[in-house]
Amino acid sequence: MQVKSYFSHPTFFFQTWLSRAIGLSMCASVKYSARGPALIPRMKTKHRIYYIALFSVVLLGLIATGMFQFWPHSIESTADWSVERRSVHDSPLVHLPASSPIPERGDLSCRMHTCFDVYRCGYNPKNRIKVYIYPLRRYVDELGAPISSTGLSREYNELLSAISDSEFYTDDVSRACLFIPSIDVLNQNSLRIRETAQALAQLHRWDRGMNHLLFNMLPGGPPDYNTALDVPRDRALLAGGGFSTWTYRQGYDVSIPVYSPLSAEVELPKKQPGPRPYFVLSSQTAVHMEYRAELEALKAENGEAILILDKCTNLSEGVSPARKRCYKGQVYDYPQTLQESTFCVVLRGARLGQAVLSDVLQAGCVPVIIADSYILPFSEVLDWKRASVVIPEDKLSEMYSILKSIPQRQVEEMQRQAHWFWEAYFSSMKAIALATLQIINDRIYPYAARSYEQWNDPSVVKWSSVNSPLFLPLIPPRSPGFTAVVLTYDRVESLFRVITEISKVPSLSKLLVVWNNQNKSPPEESLWPKITVPLKVVRTTENKLSNRFFPYDEIETEAVLAIDDDIIMLTSDELQFGYEVWREFPDRLVGYPGRLHLWDHEMSKWKYESEWTNEVSMVLTGAAFYHKYFNYLYTYKMPGDIKNWVDAHMNCEDIAMNFLVANITGKAPIKVTPRKKFKCPECTAIDGLSLDQTHMVERSECINKFASVFGMMPLKVVEHRADPVLYKDDFPEKLKSFPNIGSL
Amino acid sequence: MQAKKRYLLVSLGACLLLLVYLGGLQIGEFHQHRHHPRHLLKNPSGQYPQRQHWPQWINPLSTYLDSEEKDEDGSQLQLRHASPRERREIRANIYKNRKCRMDTCFDFSLCQRSGFKVYIYPLQKGEKISESYQKILTTIEESRLYTSDPSQACMFVLSIDTLDRDQLSVQYVHSVKVKIQSLPQWNNGRNHLIFNLYSGTWPDYTEDLGFDIGQAILAKASIGMDNFRPNFDVSIPLFSKDHPQKEGEKGYLTFNNVPPSRKYLLVFKGKRYLTGIGSETRNSLYHVHNGEDIILLTTCKHGKDWEKHKDTRCDKDNDEYAKFDFAQLLHNSSFCLVPRGRRLGSFRFLEALQAACIPVLLSNGWELPFSETIDWSKAAVIGDERLLLQIPSITRSVDYDKILALRQQTQFLWDAYFSSVEKIVLTTLEIIQDRIYSHISRNKLMWNSLPGGLYILPQFSTNSAEFPFYYSVLGKSPSQEFTAVIQVVTPLMSQSQPIVKLLLAVAKSKYCAQIIVLWNCDKPLPLKNKWPSTLVPITVIEGESKTMSSRFFPHDIIQTDAVLSLDEDTVLSTNEVDFSFIVWHSFPDRIVGYPARSHYWDNSKGRWGYTSKWTNEYSMVLTGASFYHRYYHYLYTHYLPTSLHNMVDHMANCEDILMNFLVSAVTKLPPIKVTQKKQYKETMMQQGSKTSRWADPDHFAQRQTCMNSFSSWFGFMPLLHSQMRLDPVLFKDQVSILRKKYRDIERL
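Model, not experiment: these values are computed from the prediction. Within every chain, residues take consecutive numbers counted from 1 along the sequence as written. Here every chain gets a letter starting at A, and every ligand a number starting at 1, in the order they are written. Reporting of local features is limited, given that this is a predicted model, to residues whose pLDDT is at least 70; pairs of side-chain atoms are given and counted only at 80 or more, and all residues count toward the totals for whole chains, interfaces and linings. Side-chain measures were taken over the full set of non-hydrogen atoms in the model, leaving aside hydrogen atoms and water.

Here's the deal with the overall build of chain A
Starting at the N terminus, helices and strands are each numbered in turn, a helix being any DSSP run of H or I of at least four residues and a strand any DSSP run of E of at least two. Regarding its fold elements, chain A presents 20 helices and 26 strands. Each residue is assigned to one of three classes by its accessible area relative to the maximum for its type, calculated with a 1.4 Å probe on protein chains only: buried under 20%, partly exposed between the two thresholds, exposed over 50%. Taking all 744 residues of chain A together, 58% fall into the buried category. Of all intrachain contacts in chain A linking residues separated by at least 6 positions in sequence, the fraction that spans at least 24 positions is 75%. Summed over its atoms, the accessible surface of chain A is roughly 31,800 Å², and 55% of this surface lies on carbon and sulfur atoms. Every residue pair with non-hydrogen atoms within 4.5 Å of one another is taken to be in contact. Residue-level accessible areas treat just the shown protein chains as cover; the underlying method is Shrake-Rupley with a 1.4 Å probe.

Structure (structure tokens):
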């Protein structure tokens, strides 16, 4: 009974509850004051616990729902994405009244800074634009006739669904920076120009076409074939196939390929670059007779190396004419035959952009583009000089000699590059769509744009190429000197000797002792050797080998000398000379003891070698100069788990450093001065051989471990070491800059 | 009982409250999303849809490319529209002046006669030329592209100063229009190149030059995208009248410090305009200035009557402006703001570039200098004036690696294309040349990486893999063989001559692909059987000119990446050849060889000195026994001017010094000396046959003279010193000789 009455007065209940809640929270804040707030009757502890529990549950619930509601949309998990299956015919019909407005014609002076509203894109940490796709509509005019004869084409559908699956996509129109109408204008021939324009103008975010992107591959129509879509589109961006230099708004429009549906149908076998049976092939069927005559003339002059195909006249039923080409009754399979030729002609037709370009690239045939004023696909980012030959139309007759002058090595490069362009940017509507969006994205966030190399280098090259971060040829001045970093644990006596020795080196500017022993304090200041340069002691919090390579703020010079606390045998001349060599090679490790990695054929794995070898691929960092930059790389950019692995195993930090530097610079280290008996890790073993052997096994393991993390063997082997110019020359020692080299 | 009821009630109440709350949120959500597009879609199930994606259509869709398209040029259609030839003619007539492109406004046939040659009209009497324009003309006259014969010319350059077209300027040249119309080859500007730095005047500074340039190519500073005719005009940087003619100052970066961030993040110091164009951006800079790491200073104090227009901020700005020294800011900042001034480009751009201060460009619509070839995203941050307030966060978001890369690129670009008027002008000309011979041109990689486009001659190859500079970026390495080129000046008399020993030793190297003997001797060629028989082919080439420079002629037969250049009296063992080749393989862009020499600055005489004495350092490795990339043959022959070639040929000396100058100028690195068995110099002296040029007392003095002439042509001293020599790893080590791979090098 009472329950009912409570329910009938929800407000009352609410008030009571609210006041209790407040009371409770106050109660909590005053830490159970004995009396308790007046509003709450005195309660047993049990009750109190109950109330508190209930209150927290409610509070948690509120917080949780609140979080869900107000959290940014970006965390919506991808698993929620639903793709419906629907019929095109179910999409809503839109009637366009004859009087509905038409956008203005495209503005030729449009640029990103004048016709594009960049504020809609905003600044975001991902530097990625948001793209919205209008839902599909069926547009008809007043009489009910559709505005396009094909409606949504297969290709446009693929394009939109690729965008919708991409990271660019958003379904929230208010967050979008770029809008893509679902009105298919890929092929102008199937469009009713005026009505299509009206349909565009009534899109609810149209706003003069600002930030709208249209995709068109076949622009213009007979007889003049304009080189850009004729549909008035005001400020909308156009991704068009077949732009000429006069219709293309550089830095605004995007030139895209004319997609060839054949590429989805036919899978060509992989073919390595190299010489092919035919030198030049023309495979287009609709070549103007004037060009055909010129091609025939070339063939008459140069014979069999040139093949000119045309469409077949008497094909049997059921054979697609698109898949066959003929020459004098002989039938060739298309596009397979493109793989038989080194160069393939891509002549302009009535339009500048030709779908055959895509077929040619797919076949790894080098396109010879003969279409004056044509803006090549994605020319804003792709370097077509590396994949094609462009010949002016009136030089067609010189084509053969021009092509002959290209050396074979370069032809092979171009073949490889051509196929890569197809794979990455031509092979599907998805590839075309994403490249287009990426280009626009790069313009809006230029500081985060993809680089020339990312766009143009095939994956093989990307994998093997090296862009050294220290690429400028600089010989740093001598004067800043170097900072010696001595890693030590507790060998104080030896450490002091090392310090005394190093302090004699003229270019030493500072000494940094990394005290890696947490259980023992470094000796008192007064006990340290007196030296002329500043000496700093850094105490570490954990005994880790990677402490040696930490980029301490105390290191103020570019050059770092890493040295162990037991390397006392290096002379001042040797160290100074090492520094001079480092100045000539600031991007390399310059060190004293050299080591080598070898491939063990029996075991099929890498082996570490410290014997007297004629080759060097590593220098030990027990005594090595290197750029401070590599400290950053070692500490923050070391791939995989190498850094932790080294710390855990207390070994191989030097091998890791050698891998790191070789991998990023593509260069070998430099070993300086002759070999000496070094007090090296390999020699510290108390009872010689057995320990020594385990050490070698461990080091070999390191190499194999690192090679697998790097995915390859970055170390480079060289057969030289650096000595002073007059080393061992028959010349008075006192006249030599570095006389004391190699002495023991 | 009481307690239980209360529990129940309170629990229920809490649940109810939660429900109400959630319901409220739902309604709120609905309100908020009523205009949301997803609600425009009728959803059959009536359920609230999750993230909307492009649906899968169950209908079969047809392809966009219907069969009709493929026959666009079908035979019937062909009759209807113009033939390609007619179309080209029509196009050439329509696209003129503002719509000029190379196709329509440039006469390529003029460049077929004798290549890309540039002619300068003779200076008319009484015509005054500014200092800057004189530098431009001098550069062209001294370059290998110059011709004094208008009938050989492909491009024409005016002798009328068109640099300053600001009518209020003192250097403004009047009645240019009349003057150019009277030029004999003007032809409405066809194949003419017009340079301009300033155009328009107060208050709107339009880009109008005040005369009709017709079909001439415009090389202009601060050019806007709207006026820029793509692939026709060239955008050049704005340079001051103090900009040096030849090799200017070096970039300020001498070493890569890490972390690369400097004291200031972003700086700017410049004028602020109170009236007229360009005021807006600079006027709002103070919003971003924070006085700590972002220092953007403007002053109103310029011009005659600034006080008349001064606004409320002026005094404060002027005070702040006076507090900082510009050079200090420039050297201590990671980024430098380059906002538009009166015109789109400003002096701040080159200043920042040289100072290794990464330019942050705020000049919407500016066609960046040499944008056709230079990839500015590798060296600058391109901002948007509309987003000025984002600039601090954008610059802060650039990570260390990127800063390091951008900064080094500024230095490379400065040095390669901007440091002197000569470089700016030559870059302009080379860009145009690349367009004319488009299938023999440089790609973007060549323009944007070391050593830069001017040192790359595409006539050698358009394939980057054939140059010594791009092996690592392309993931390639040079070929494992070399061609030995031996210069012979004495007749072959006996089989005991040093050359025979040399031939045999070189031929034994497993890396040797072929040997070429350059017969530069006046005596007739010896019979074929006089040459020793070797496994590798020996080709004898009789030089036509028999000059000194001909030893570096890029013969087609040399196809290996490496060339081993040898004098006939060089003494080398197979071991030495092998070792130095292996070393070269690690340094394919340098000269790697045996005899080393050095240069020094002779203070008393105020000129460069040459020494062959034993020294602790060297800066040249003589080409009597050295490896280098075959591209240097091409560069030596086609890049260097005839004047230097003539000098070398005339003296029959110094060709090796010139080669060292060239390679060091390109690489900015010293050559590499490898160890040798015997003392090269001594062998030379002992060999000292009458023909040996080393015995000649004048020889030494000549070489000194050469050095000074070469450095004046280069405009600087490219040679650099090295203190090290590369030896085999076990060279002279206390270990059994049997362990050593290169034993012969140690045996005396």
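After that view, the rundown keeps rolling.
Here's the deal with the pattern of salt bridges
Counted as salt bridges are all cases of a side-chain nitrogen of Lys or Arg within 4 Å of a carboxyl oxygen of Asp or Glu. Enumeration over the complete set of coordinates arrives at 65 salt bridges over all chains. Where Glu290 of chain A meets Arg85 of chain B, a salt bridge forms, and the shortest distance between an N and an O atom there is 3.8 Å. One end of the pair, Glu290 of chain A, is in helix H8 (residues 289–302); the other, Arg85 of chain B, is in helix H4 (residues 84–94), on a second chain. For Glu290 of chain A, a relative accessible area of 19% gives the class buried. Judged by its relative accessible area of 42%, Arg85 of chain B falls in the partly exposed class.

Here's the deal with the state of the cysteines
Residue and element names in this part refer to chain B. The criterion for a disulfide is a pair of cysteine sulfur atoms lying within 2.5 Å. Using the criterion set out here, one finds 10 disulfides over all chains in the structure. Two residues share a disulfide in this structure: Cys336 and Cys357, whose sulfurs sit 2.1 Å from each other. On the sign convention where negative means left-handed, the S-S torsion of about 100° between Cys336 and Cys357 marks this disulfide as right-handed. Pair noted here: Cys336 is in strand S12 (residues 333–339) and Cys357 is in the loop between helix H13 (348–354) and strand S13 (358–362), with a separation of 21 residues, a long-range link.

Brief notes about the sheet that holds strand S11 (residues 294–299) of chain B
All names here are of chain B. Two strands make a pair as long as DSSP finds a minimum of two bridges between them. Taking strand neighbours across the sheet as the criterion, the 5 strands line up as S11-S10-S12-S13-S14 in an open arrangement whose pairing is parallel. Of all the strands in the sheet, just S11 and strand S14 (381–382) have a single pairing partner and so form its edges. Here 2 bridges tie S13 to S14, and the two strands are oriented parallel to one another. Bridge pairing links Leu361 to Ile382 in S14. Geometry is summarised by axes, namely lines fitted to C-alpha atoms with helices restricted to the contacting stretch, and by angles between N-to-C directions that run from 0 to 180 degrees. The sheet contacts of helix H11 (residues 314–323) involve strand S10 (264–271) and S11, and relative to S11 the element is tilted by about 120°. The strands touched by helix H15 (residues 400–418) within the sheet are S12 and S13, with S13 carrying the most contacts at an inclination of about 90°.

Some details on the UniProt feature "domain: Exostosin GT47" (unreviewed entry) in chain B
Per the UniProt record, "domain: Exostosin GT47" (unreviewed entry) is annotated on residues 113–398 of chain B. The straight-line gap between the two end C-alpha atoms of residues 113–398 of chain B is 51 Å; of that span, 21% is helix and 19% is strand. UniProt positions are given in the numbering used here, feature names are shortened, and annotations may be inferred rather than shown by experiment.

As for the pairing of strand S12 (residues 330–333) of chain A
Pairing between strand S11 (residues 324–327) of chain A and S12 of chain A: 4 bridges, direction antiparallel. Along S12 of chain A, the bridge assignment pairs Arg325 of chain A with Tyr332 of chain A.

Quick word on the confidence of the model for chain B
All names here are of chain B. Averaged over chain B, the pLDDT score is 86; the fraction of residues at 70 or greater is 89%. Per-residue confidence from the prediction method is given by pLDDT, with values spanning 0 to 100. Ignoring residues within four places in sequence, the model shows residues 27–49, a span with pLDDT below 50, making 20 contacts including any to other chains. Confidence drops under pLDDT 50 across residues 680–691; counting only partners more than four residues distant or on other chains, this segment forms 17 contacts. Note on the complex model: pTM 0.88, ipTM 0.88.

Quick word on the domain arrangement of chain B
Note on interface size: it is often stated as the accessible area lost on association of the parts. All domain edges in this entry derive from an automatic or database-based domain assignment. According to the domain assignment, chain B contains domain 1 (1–58), domain 2 (102–236), domain 3 (264–419) and domain 4 (482–726). One C-alpha centre belongs to domain 2 of chain B, the other to domain 4 of chain B, and the line joining them spans 43 Å.

Considering the nonpolar core
In plain words, nonpolar cores are sets of buried Ala, Val, Leu, Ile, Met, Phe, Trp, Tyr and Cys residues tied together by side-chain atoms within 4.5 Å. The biggest cluster of nonpolar side chains holds 105 residues, and the ones touching the most others in it are Ile129, Phe215, Phe378 and Ile444 of chain A. A total of 8 residues in this core trace back to one element, the largest contributor, which is helix H12 (residues 429–444) of chain A. Every residue in contact with Ile129 of chain A, bar those within four places of it in the chain, is listed here: Cys121, Phe168, Cys177, Leu178, Leu437, Ile440, Asn441, Ile444 and Tyr445 of chain A. In this structure, Leu472 of chain A together with Ile180, Tyr417 and Phe418 of chain B belong to the second largest nonpolar core, which totals 82 residues.

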